[in-house]
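# Report on the structure
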Amino acid sequence: MLRRSLLLAATAAAALALSACGKKDEAPAGAASAPEAGSAASTGGAPLNVAFAYVGPVGDGGWTFAHDNARKKLEQEFGGRIKTTFVEKVPEAADAERVFRDLVQQGNTLVFGTTFGYMEPMLKVAADSPQVRFEHATGFKQAANLRSYDSRTYEGAYMAGVVAGAMTKTGTLGVVGSIPIPEVIRNINSFTLGAQSSNPKVTVKVVWVNEWFNPPQETNAAQTLINAGADVLMQNTDSSAVLQTAEKNGKYAFGWDSDMSSYGPKAHLGSAVIDWSPYYIATVKAALDGTWSAGPGKHSWWGVKEGAIDLVSLNAAVPAEVKAKLDQVKAGLKDGSFVIWKGPIAGQDGKEVLAKDAVADDKFLQNIKFYVKGVEGQVPAGK
């Protein structure tokens with residue numbers, strides 16, 4: 001998920017205070033030796049102090065909510081062996097560096113930064129804190145004590161598309177996009193490919209809001225898409241505003257990052273969710289038993305196969321044959337027998353981007369900056 005490259009604008013200074021304790025580009029996998037553990041937890045002494053920095057509020061119902069749910073699962077899994085804290089609404093700005101330094105000074109020796117824009121601040125703090133382990137969500141740079149991780153959200157987008165293509169009556173789908181970086185463009189394209197697998201004639205309109213969490217802007221974008229004829233909406237933004245707008249207009253939509261079914265029960269077709277807990281549990285376990293490692297190229301990208309991605313809470317209106325097709329897709333993604341990005345696939349201009357039977361590798365997927373055929377409009381320039 002090439003996530004989080006710009007500032008989250010509206011952030012109160014008080015939200016940065018650690019008293020609040022209480023979401024991208026990717027790289028290939030690799031390995032390197034880890035620094036010495038900075039906590040006695042690895043030797044059975046004091047608990048391992050684990051900290052999380054969130055770009056949004058824990059109650060956003062989407063991205064940050066998913067990360068915080070995983071943090072809670074960590075506490076359930078490890079009990080008194082760990083102690084977790086978090087700081088919410090930390091902007092993707094220079095002040096993020098101060099927050100990470102404060103987390104280190106408070107004695108945290110495993111620190112998760114959950115958005116792309118934290119990459120450079122985390123690299124700086126990691127260089128000055130070799131005794132601390134750092135984990136950066138959706139980034140592409142690593143260091144001796146910093147590694148990166150991500151989730152294959154495009155798999156959830158494709159599965160949503162399978163349902164959307166079958167449920168549309170107008171043949172027009174809409175996507176509210178956050179920031180036009182490869183991750184989001186990849187998700188829009190995957191949604192389109194999934195929809196075309198159910199209905200080859202569908203078209204997809206996109207409205208960009210250029211923020212990750214801005215409910216009023218997301219609402220306006222969703223309404224614009226509905227006014228333009230879209231009767232099924234997907235989003236790559238963090239709040240439930242798109243789903244709620246669909247509910248008010250008698251249209252369909254999907255939840256994103258977390259299960260949003262409660263925000264619009266009639267409109268909700270399903271939620272493309274991320275479960276960060278498998279990765280977080282594996283990471284903390286490695287930190288506790290002394291096997292955690294980092295270094296250049298140390299990057300994890302987990303999806304359906306690892307239990308990180310799913311489409312959940314399907315609407316009862318979804319036909320049985322569509323549910324059966326979705327089950328086949330999930331099973332294929334899990335065992336590797338199905339590949340989303342397999343040619344022939346054409347770009348928006350009709351030119352082939354993947355030849356027949358060619359399978360996109362991760363490098364290709366991480367650098368998608370074009371729309372596939374069926375997406376209307378142009379990718380915003382300069383991204």
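Cut-offs and rules
Residues numbered from 1 in each chain as written. Predicted model: local features only at pLDDT ≥ 70, side-chain atom pairs only at ≥ 80, totals over all residues. Heavy atoms only, no water. Buried < 20%, exposed > 50% of the residue type's maximum accessible area, 1.4 Å probe, protein only. Helix = DSSP H or I, 4+ residues; strand = E, 2+ residues; numbered from the N terminus. Pairing = 2+ DSSP bridges. Phe/Tyr/Trp six-rings, centres within 6.5 Å; stacked < 30°, edge-to-face > 60°. Lys NZ or Arg CZ within 6 Å of the ring centre and 35° of its normal. Axes fitted to C-alpha atoms, helices over the stretch in contact; angles between N-to-C directions. Lys, Arg positive; Asp, Glu negative; His and termini not counted. Salt bridge = Lys/Arg side-chain N within 4 Å of Asp/Glu carboxyl O. Polar contact = N/O pair within 3.5 Å; in protein donor to acceptor, adjacent residues only side chain to side chain. Contact = heavy atoms within 4.5 Å.

Across the six residues that make up strand S5 (residues 146-151), a large majority, six, are buried. The alternating pattern of S5 places Leu146, Ser148 and Asp150 on one face and Arg147, Tyr149 and Ser151 on the opposite face, and all of these are buried. With four bridges joining them, strand S4 (residues 133-137) and S5 adopt parallel strand pairing. Bridge pairing in S5 links Phe134 to Leu146.

Here we come to the packing of aromatic side chains. All chains considered together, the criterion is met by 20 aromatic pairs. Look at Trp63 and Trp276: their rings are 5.4 Å apart centre to centre, the planes differ by 85°, and that puts the pair in the edge-to-face class. Here Trp63 is found in helix H1 (residues 63-78), whereas its partner Trp276 is found in the loop between strand S10 (268-274) and helix H8 (277-289), with 213 residues between them in sequence. Taking 4.8 Å as the distance between ring centres and 15° as the angle between the ring planes, the aromatic pair formed by Tyr149 and Tyr279 counts as stacked. Within this pair, whereas Tyr149 is found in strand S5, its partner Tyr279 is found in helix H8, the two being separated by 130 residues in sequence. One exposure class covers both Tyr149 and Tyr279, and it is buried. Taken together, the ring pairs in this structure connect Phe52, Tyr54, Trp63, Phe86, Phe112, Tyr149, Trp276, Tyr279, Tyr280 and Trp302 into an aromatic cluster. Above the plane of the ring of Trp301 lies Arg152, whose end atom (NZ or CZ) is 4.0 Å from the centre.

The next subject is the sheet that holds S10. With respect to topology, six strands assemble into an open sheet ordered S7-S6-S8-S9-S10-S12, the strand pairing being mixed. The sheet terminates laterally at strand S7 (203-208) and strand S12 (309-312), the two strands that pair on one side only. Taking each pair of neighbouring strands and ignoring which way they run, the sheet shows an average axis angle of 20°. The pairing of strand S6 (residues 172-177) with S7 spans six bridges and is classified as parallel. Of the residues in S7, the one forming a bridge with Gly177 is Trp208.

This part takes up the side chain of Glu155. Position of Glu155 among the secondary structure elements: in helix H4 (residues 153-167). As a buried residue without a salt bridge, Glu155 has its nearest oppositely charged side chain in Arg152, at a separation of 4.7 Å.

Attention now moves to the side chain of Asp231. Within the element layout of this structure, Asp231 appears in the loop between helix H6 (215-227) and strand S8 (232-235). At a separation of 3.1 Å, a polar atom in the side chain of Asp231 contacts the main-chain amide nitrogen of Thr170. Once residues within four sequence positions are removed from consideration, Asp231 is found in contact with Thr168, Lys169, Thr170, Thr172, Lys251 and Tyr252.

Overall, parallel pairing links the six strands, which are arranged S2-S1-S3-S4-S5-S11 in an open sheet. Two strands in the sheet have a free side with no partner beyond their single neighbour: strand S2 (82-87) and strand S11 (299-302). If you compare each strand with its neighbour and ignore which way they point, the axes differ by 20° on average. In this structure, S5 lies alongside S11, joined through four bridges in parallel fashion. Each residue of the ladder has a partner; that of Tyr149, found in S11, is Ser300. Contacts from H1 reach strand S1 (48-53), S2 and S5, with the element oriented near 165° to S2.

Cis geometry is adopted by the peptide bond preceding Pro344, which originates at Gly343 and carries an omega value of 10°. With respect to the helices, strands and loops of the structure, Pro344 is situated in the loop between helix H9 (320-335) and strand S13 (345-346). For Lys89, which is not a glycine, the phi torsion comes out positive at approximately 55°. Examined against the element boundaries, Lys89 turns out to sit in the loop between S2 and helix H2 (95-105). Residue class for Lys89 comes out partly exposed when judged on its relative accessible area of 30%.

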